[in-house]
Amino acid sequence: MSDLEPVNLKLLAGFAAKIDPLMQGVLVRGDVEQIRGLVLEAAWNCTERPYFEHLWG
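Residues numbered from 1 in each chain as written. Predicted model: local features only at pLDDT ≥ 70, side-chain atom pairs only at ≥ 80, totals over all residues. Heavy atoms only, no water.

In this section: the overall build of the protein chain. A count of helical and extended segments in the protein chain gives two helices and zero strands. Buried residues in the protein chain amount to 18% of all 57 residues. Of the accessible surface of the protein chain, which amounts to about 4900 Å², a share of 63% is contributed by carbon and sulfur atoms. (Helix = DSSP H or I, 4+ residues; strand = E, 2+ residues; numbered from the N terminus. Buried < 20%, exposed > 50% of the residue type's maximum accessible area, 1.4 Å probe, protein only. Areas by Shrake-Rupley, 256 points an atom, 1.4 Å probe, with all protein chains shown as cover.)

Dropping the structure here:
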């Protein structure tokens, strides 16, 4: 078993607040192009500062 990094709950809450509306949009859209745009935006948010920039490279 490996040690996990401590979780910053305030940072996690901020990330969830940004991603949740995008994922809600995916669930209610019927247009594939709109869904694609929302998923790409969510993916971008997943790699931006301060959330998961350590995933770059």
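What follows deals with helix α1 (residues 9–28). Because the α-helix completes a turn every 3.6 residues, residues three or four places apart line up on one side. Given a rise of 1.5 Å per residue, 20 residues ought to cover 28 Å, and the 28 Å separating the end C-alpha atoms of α1 matches this to within 8%. Taken as a whole, α1 carries its principal kink of about 30° at Ile 19; the proline Pro 21 stands between one and four residues after it. All of the buried residues along α1 are Phe 15, Ile 19, Leu 22, Gly 25 and Val 26. Where α1 is buried, its residues touch α2 (32–47). (Expected span 1.5 Å × (residues − 1). Bend = angle between axes of the 7 residues up to and from the residue. Contact = heavy atoms within 4.5 Å.)

The geometry of α1 relative to α2 is characterised by a closest axis approach of 9 Å and an angle of 165° between their N-to-C directions. Relative to α2, α1 is oriented roughly antiparallel. Taken as a pair, α1 and α2 cross one another with a handedness that is left-handed. Residues Phe 15, Lys 18, Ile 19, Leu 22, Met 23, Gly 25 and Val 26 of α1 form the contact with α2, whose own contacting residues are Ile 35, Leu 38, Val 39, Glu 41, Ala 42, Asn 45 and Cys 46. For the contact of α1 with α2, the class distribution of residues is 10 nonpolar, two polar and two charged. (Axes fitted to C-alpha atoms, helices over the stretch in contact; angles between N-to-C directions. Parallel < 35°, antiparallel > 145°, perpendicular 65-115°, else oblique. Left-handed = near helix turned anticlockwise from the far one by under 90°. Nonpolar A, V, L, I, M, F, W, Y, C, P; charged D, E, K, R; others polar.)

Core analysis: the biggest nonpolar cluster contains six residues, these being Phe 15, Ile 19, Leu 22, Val 26, Leu 38 and Ala 42. Elements represented by at least two residues in this core include exactly α1 and α2. At four residues, the largest contribution of residues to this core is made by α1. (Core = buried A, V, L, I, M, F, W, Y, C linked by side-chain atoms within 4.5 Å.)

Another point: a nonpolar patch on the surface. Side chains of Val 7, Leu 9 and Leu 12 sit close together on the surface and give an oily, nonpolar patch of about 320 Å² of accessible area. Residue classification places Leu 12 among the partly exposed residues on the basis of a relative accessible area of 44%. (Patch = residues over 30% accessible without salt bridge, like charges linked within 9 Å, V, L, I, M, F, W, Y side chains within 5 Å. Salt bridge = Lys/Arg side-chain N within 4 Å of Asp/Glu carboxyl O.)

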